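The lines below spell out each chain.
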Number of protein chains: 2
Amino acid sequence: MNIILLSGGSGKRLWPLSNDIRSKQFIKIFKKDDGTYESMVQRMYRMIRTVDPDATVTIATSKTQVSAINNQLGEDVGISIEPCRRDTFPAIALATAYLADVMHVPSDEAVVVCPVDPYVEEDYFTALKTLCDRAASGNANLVLMGMEPTYPSEKYGYVMSDICEANVRHGDTTEGGVGNTATSAQQMLVENQEADASLLDEATQQMLVENQTGDLFAPVLSFKEKPDLETAKSYLAQGALWNGGVFAYKLSYVLDKAHELIDFTDYNDLFNKYDTLTKISFDYAVVEKESNIEVMRFSGQWKDLGTWNTLTEAMEEPVIGEAILNDKCEDVHVINELNVPVLAMGIKNAVICASAQGILVSDKEQSSYIKPFVDKIDDRIMFSEKSWGSYRVIAVEEGSMTVMVTLNPGHGMHYHSHKLRDEVWTIISGNGTAFIDGVACEVKPGHVLTMKAGQKHKVEATTELKIVEVQIGDEISVHDKIKWV
Amino acid sequence: MNIILLSGGSGKRLWPLSNDIRSKQFIKIFKKDDGTYESMVQRMYRMIRTVDPDATVTIATSKTQVSAINNQLGEDVGISIEPCRRDTFPAIALATAYLADVMHVPSDEAVVVCPVDPYVEEDYFTALKTLCDRAASGNANLVLMGMEPTYPSEKYGYVMSDICEANVRHGDTTEGGVGNTATSAQQMLVENQEADASLLDEATQQMLVENQTGDLFAPVLSFKEKPDLETAKSYLAQGALWNGGVFAYKLSYVLDKAHELIDFTDYNDLFNKYDTLTKISFDYAVVEKESNIEVMRFSGQWKDLGTWNTLTEAMEEPVIGEAILNDKCEDVHVINELNVPVLAMGIKNAVICASAQGILVSDKEQSSYIKPFVDKIDDRIMFSEKSWGSYRVIAVEEGSMTVMVTLNPGHGMHYHSHKLRDEVWTIISGNGTAFIDGVACEVKPGHVLTMKAGQKHKVEATTELKIVEVQIGDEISVHDKIKWV
C-alpha cells in the first residue's frame, strides 16, 4: 500500500501544548503498552506498519515540520516537503510526483491520501488498504472514504451516494431498500445515542451487517458543503456520509490532472516552481469535478481531536505528567510538561495544561473557543523538536535567553553562526564533539564553550547530550541563524 | 512606640506562593499607589512608619527569614533572631532582652507585641499606639487587644472581659448596661451580617459609639480556648472578643518573668543558650497566669489571610502577573509569577496560582484543605529572596541544577564554597566584581566564570547583576555550602 499522510496545521486550538512549530499531531498523549507516550503521527505510523509492514508512507508537509517528523519517526520516512503553503491540490500533486519520480512507484499503482490527525483504530488502516486496492483494481478514477456520521455535525462536508439517494426515493425492499432500512436504523441510533443496540429487532441488525458488507462501495451522487444543524440532520436521514478527506487514486490519474493544470516536467521542476502555484484545494480542483467517483462506507472510529474537549476524551488516564487531584475534582484532565507539580482541588469538567509555552485552565466546553485568545498571546516559540533532539526555553530576560538543549545520541546540529548574539554552552550531561570555527573539541559535563557572534559552531552527541545554552545579545531571534556546510 | 513583630510560619497553606523559606508574609500581592506590589510585612512596616515615624520596630524571627526581611525592609530594621524554634515565650523573652540590651530601650518603657501577618488598616496601628501607651501609664501588667468578632470563629481563642460578664449578669442601665445594649446590638449585626446598620435605632447607635470610646479598656476575667461553633456563638452572645495575640507590657515585666523562668544574665547569654530552652507559649507561661491584665476592645479590620480564600478577598484586582480570563470566568483570581501566560476559560470560584514552585488550580472553598496535599509534594526550594537579591531555579536535570541569580545594586553574597559541586556563572546583565580564591575580576554581560568544588567565590553587584548559574555535581543541595569570612 502507498500512503500519503497530509500533515499540516498550526495547532492554535491545543495551546499551550501546540505552538507555531508543534502542531497537534506531534503532541505525545497516547499511552503505549510500555507506559511511554506517542503522538498522533507516531500512532498512525505504527498502526500502518502493523496492518501493512511493506507500506510506502510519504508525509506531505511544510518545512517547519520536517525536524519534528524526523525526531518522532526517524530519518527513513519519506517526506514530500512543501516549500510554502499552497493548499491541498498543489500539495497532493507534489507528493504524487514525489512518489512517481523519487520513490519510483509505477504510475498504475494506487495511493491513498489521508490526514495525519484523526483518532482512529486499527480497522481504519484495514479500510485504507481496501480503499487503495479498489482504486487499483476498480473502474472509478477516485475512491473516497465516507465516514458514517455519529451525530449531525456542522463541521464536515457530506457525501451523498447512489445508495442513500435511491433509498430515500424508493424505499423498496431491493438491495437499495436494505440500505434504506439500515440507514434508518442507524438514524435511530444517532437520534438516541443512549439507546441499546438491542432495541433494534434482529432482522434490522442482520440487515445492518449485510449492508455493511454488501454495499461497501457506491457511486457518489453529490457533495454537500458543511451544513447547518437542521440540514445536517436531513443529510443523516438520507444516509449521507462524512467527507473526511480520505481518498485513493492511481498515480497516473493525479499526475494527468496536475499536468492539465500546472506547466511542469517532473517532481524537481514542480518543487522549484511551487511558490508560483495558485492556491487551490484538491476537493475544488479535482474531487468535485470528477464524475467517475465512488465512496466506500466506513463505520469504524474516526474522530477529530482538534479541541481540548475531544482530545481529553481520547486520553486513557486523567493525568499525564506530575499532578495531584483531590477527591473533589470531577472530570478533570491534566497534562503537565513542566517539571514542577500541578495541584488541582475541587475543579470540575476542566482541562489543565502546563507547558513551557504557557498554562491553560479551561472548562472543557469553553475550550473550543480558545483560538482568538491564543491569537492574542505572544507566539515566541518556547519549545521545539529538532531532527537532532529538542530545545526548551528556560529563562527569558532583557538581552538574553537561556535554553536547555538536548541532543539525541548519534545526532548533531547543523554548522551555524549568529550575527547578533554570543552564546555560552555549559555541558551538563553526556559527551560528544563540538566544533568552533573548524576546531574540534571533545566535550563532557562541566565543559564550557563560548561562541562570539559570527563564530561557526555545532555539536555532535555521542551519548545523549544536555547543554545549558545562554544566548546574549540585544536582538535575540530564531531568524538570526546562518547555516554553513 | 516600641513594637515587636512576630514573624513565623512555614506557609504551606499558600503553596505554591509560599514555601519552606518564603512564608506568607513575604508574598507581594498588595497593590500600592505606584502600581507596584508589597508584601504583608512591607505593608505593616510602612503603616507603622506612617502612624509613628519614630517607632522602634524589632522583628522576632528565625534565621531562615532574615534574608527575606533584609531584602524587603532593608538592613536598618531591628531583627531578633531565634537560633532555633522554641515557641513564643522564649521568642518574646529574647526579643525583649534584645530591646533592653541591644537597642537600650529603658526597662520602664512599654512594648507592643503583634503577629506580622494579619490584614489590617491604619486604625490598627493607632490602636497599637493606644495599647502601648496604656501599658506604659496604666496599672495592669499586661494589656491585650481584643478583636470584636465578625463571626463565631472556631479558630481563635476568646477573651472574656469584666464588661461583658457584668452585662450578662445584670443587664441594667448603668455603664455596664450600656455595654450590654451595645453588645447585643453588635450581636444583631453579627447574626445578620447583611443587615444595614440603619436597622439599629439612633439611640442604640449612639450607645455603640459611647461604648467604644467609654469602655475601651476592661479587666480580663478569663480566656477561652478555641471553641466549637455552638460555644463560639454563646461567647459572642456574652460579648467576648477574639484573642489575636496582640498585647503590650513594660519591658521590665517580661524581663522579670524571663529571669523567673530562665537562668540567664543578658541578651547575649539568652541567645547563646536558646537551644537549651523549653518550648512554651507566651499565653501559657505568662498571659493565663496573670491576674492583673486588661483587654482593649478593637473594632477595626483584622483578618487572617492564611488561606487562598481569604487572601484573594484582600486582592485589589483579580489578576497579578500575565493572565487572560475569558468572559465566562466568574470570581477567579490569578497570581502568575512565571514568565509565560495563564489563560483561564469558563472557570468559576477558583484561584489559579503559578510559581517556580508549582501550579495550583483550586476551588476557593476547597483551597483551605490544601495542607496535607502540599505535605506530599517535594519541598525542594525553587525560589528564594536573599539579603543581596534573589534566586530562582529554572531547570533541574539529573546531575545539575540551573539557577537565575539576581543581585541588587550595591549588594554582594557571602564568600562561600561547595564541597560537591562545580559552578559556572554566565553574566547576562549588569556589572560588578567577582572574587574566586582571592582573585578579583570585573564582570559584565558575556563573561563566564567557572568555580570547581572547593573554590571560594562571591560576587558584588555594582548595578543590578543577573547571572545564569549552572550547578554540576552528583549531589546538589542547599546544605552544601561553606561560608568564609
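None of these values were measured; they are calculated from a predicted model. (Residues numbered from 1 in each chain as written. Chains lettered and ligands numbered in written order. Predicted model: local features only at pLDDT ≥ 70, side-chain atom pairs only at ≥ 80, totals over all residues. Heavy atoms only, no water.)

**With respect to a negative patch on the surface**
Moving on, step 1. A surface patch of like charges, here negative, comprises Asp20(A), Asp378(A), Asp379(A) and Glu322(B).
Moving on, step 2. With respect to the helices, strands and loops of the structure, Asp379(A) is situated in the loop between helix H13 (371-376) and strand S20 (383-386). (Patch = residues over 30% accessible without salt bridge, like charges linked within 9 Å, V, L, I, M, F, W, Y side chains within 5 Å. Areas by Shrake-Rupley, 256 points an atom, 1.4 Å probe, with all protein chains shown as cover. Salt bridge = Lys/Arg side-chain N within 4 Å of Asp/Glu carboxyl O. Lys, Arg positive; Asp, Glu negative; His and termini not counted. Charge placed at Lys NZ, Arg CZ, Asp CG, Glu CD. Helix = DSSP H or I, 4+ residues; strand = E, 2+ residues; numbered from the N terminus.)

**Quick look at the relation of the copies chain A and chain B**
Moving on, step 1. The two copies are related by a screw motion: chain A maps onto chain B through a turn of 180° and a shift of 0.0 Å along the axis, at an RMSD of 0.1 Å. On the angle and the small slide along the axis, the relation comes out as a two-fold axis. Closest approach to the rotation axis among the C-alpha atoms of chain A is made by Ile394(A), whose C-alpha sits 2.9 Å away.
Moving on, step 2. In this assembly the copies share their binding face: 100% of the residues contributing to the interface of chain A also contribute to that of chain B. (Least-squares fit on C-alpha atoms with pLDDT ≥ 70 in both. Contact = heavy atoms within 4.5 Å.)

**Section: the interface of chain A and chain B**
Moving on, step 1. Opposite the 51 residues of chain A that make contact, chain B presents 51 residues.
Moving on, step 2. Interface of chain A and chain B: buried area, both sides summed, is about 4,200 Å²; carbon and sulfur atoms make up 72% of it.
Moving on, step 3. Per-residue buried area on chain A facing chain B is highest for Leu343(A), Met345(A) and Ile359(A); these three make up 16% of the total on that side.
Moving on, step 4. The interface formed by chain A and chain B holds 4 salt bridges in total.
Moving on, step 5. There are 14 residue pairs in polar contact (both at pLDDT 80 or more) connecting chain A and chain B.
Moving on, step 6. Sorting elements by how many residues they give to the side of chain A that touches chain B places strand S19 (residues 358-363) of chain A first, with 6 residues.
Moving on, step 7. Each residue belonging to the side of chain A that touches chain B can be placed in one class, and the counts come to 34 nonpolar, 12 polar and 5 charged.
Moving on, step 8. Sheet topology places strand S17 (residues 342-345) of chain A next to strand S19 (residues 358-363) of chain B; 4 bridges connect them, and they run parallel. Paired with Leu343(A) across the bridge in S19(B) is Leu360(B). (Buried area = accessible area lost by both parts, 1.4 Å probe. Polar contact = N/O pair within 3.5 Å; in protein donor to acceptor, adjacent residues only side chain to side chain. Nonpolar A, V, L, I, M, F, W, Y, C, P; charged D, E, K, R; others polar. Pairing = 2+ DSSP bridges.)

**Let's talk about the pattern of salt bridges**
Residue and element names in this part refer to chain A.
Moving on, step 1. By the definition in use, this model includes 40 salt bridges over all chains.
Moving on, step 2. Between Asp304 and Lys155 there is a salt bridge, with the nearest N and O atoms lying 3.8 Å from each other. With a gap of 149 residues between them, Asp304 in strand S13 (residues 302-304) and Lys155 in the loop between strand S8 (142-147) and strand S9 (157-161) connect regions that are remote in the sequence.
Moving on, step 3. Lys155 gets classed as partly exposed once you look at its relative accessible area, which sits at 37%.
Moving on, step 4. Here Arg421 ties to Glu423 by a salt bridge, and the two come within 2.9 Å at their closest N and O atoms. With respect to class, Arg421 is no different from Glu423; both count as buried.
Moving on, step 5. Each member of the salt-bridge network shares a partner with another, and the members are Lys24, Asp117, Lys155 and Asp304. (Buried < 20%, exposed > 50% of the residue type's maximum accessible area, 1.4 Å probe, protein only.)

**Digging into the side chain of Asn326(B)**
Moving on, step 1. Looking at the secondary structure, you find Asn326(B) in the loop between strand S15 (323-325) and strand S16 (330-336).
Moving on, step 2. The class of Asn326(B) is buried, set by a relative accessible area of 5%.
Moving on, step 3. Contact partners of Asn326(B), with chain neighbours within four places excluded, come to Gln366(A), Phe373(A), Ala344(B), Met345(B) and Gly346(B).

**Here's the deal with the sheet that holds strand S17 (residues 342-345) of chain B**
Moving on, step 1. Pairing in this open sheet of 6 strands is mixed, and the strands run S14(A)-S16(A)-S18(A)-S19(A)-S17(B)-S15(B) from one edge to the other. The open sheet has two free edges, formed respectively by strand S14 (319-320) of chain A together with S15 of chain B, since each of these has just one partner strand.

**Description of the packing of helix H1 (residues 40-51) of chain A against helix H4 (residues 122-137) of chain A**
All names here are of chain A.
Moving on, step 1. Running from N to C, H1 and H4 cross one another at 60°; their axes reach a closest spacing of 9 Å. Regarding the angle of H1 to H4, the classification is oblique. In this structure, the crossing between H1 and H4 has a hand that is right-handed. Contacts between H1 and H4 involve Met44, Met47, Ile48, Thr50 and Val51 on the former and, on the latter, Glu122, Tyr124, Phe125, Thr126 and Lys129.
Moving on, step 2. Split by residue class, the contact of H1 with H4 holds 6 nonpolar, 2 polar and 2 charged. (Axes fitted to C-alpha atoms, helices over the stretch in contact; angles between N-to-C directions. Parallel < 35°, antiparallel > 145°, perpendicular 65-115°, else oblique. Left-handed = near helix turned anticlockwise from the far one by under 90°.)

**As for helix H3 (residues 88-102) of chain A**
Residue and element names in this part refer to chain A.
Moving on, step 1. With 15 residues, H3 extends 20 Å between its outermost C-alpha atoms, agreeing within 8% with the 21 Å of an ideal straight helix rising 1.5 Å per residue.
Moving on, step 2. Listing the buried residues of H3 in full gives Phe89, Pro90, Ala91, Ile92, Ala93, Leu94, Ala95, Thr96, Ala97, Tyr98, Leu99 and Ala100.
Moving on, step 3. Looking one or two residues beyond H3, the residue adopting positive phi is His104, at roughly 55°. (Expected span 1.5 Å × (residues − 1).)

**Comments concerning helix H2 (residues 63-73) of chain B**
Residue and element names in this part refer to chain B.
Moving on, step 1. Every buried residue belonging to H2 is among Gln65, Val66, Ala68, Ile69, Asn70, Gln72 and Leu73, and all of these are buried.
Moving on, step 2. The elements touched by buried residues of H2 are strand S1 (2-7), helix H1 (40-51), strand S4 (56-62), strand S5 (78-82) and strand S20 (383-386).
Moving on, step 3. Looking one or two residues beyond H2, the residue adopting positive phi is Gly74, at roughly 90°.

**Focus on the packing of H3(A) against helix H9 (residues 251-261) of chain A**
Residues and elements named next belong to chain A.
Moving on, step 1. Where H3 contacts H9, the two axes come as close as 9 Å, and the packing angle between them is 125°. Classed by the angle they form, the pair H3 and H9 counts as oblique. Crossing of H3 against H9: the hand is left-handed. On the side of H3, the interface is formed by Phe89, Ile92, Ala93, Thr96, Ala97, Leu99 and Ala100, while H9 contributes Leu251, Val254, Leu255, Lys257, Ala258 and Leu261.

**Looking at the pairing of strand S11 (residues 241-250) of chain B**
Residue and element names in this part refer to chain B.
Moving on, step 1. Within S11, 8 of the 10 residues are buried, which leaves the element mostly enclosed by the surrounding structure.
Moving on, step 2. Taken together, the 4 bridges between strand S6 (residues 110-115) and S11 define a ladder with antiparallel strand orientation. Counted as the bridge partner of Ala110 is Lys250 from S11.
Moving on, step 3. Bridge analysis of strand S8 (residues 142-147) against S11 gives 4 bridges, and the strand direction is antiparallel. When the sheet's bridge partners are listed, Gly146 is paired in S11 with Asn243.

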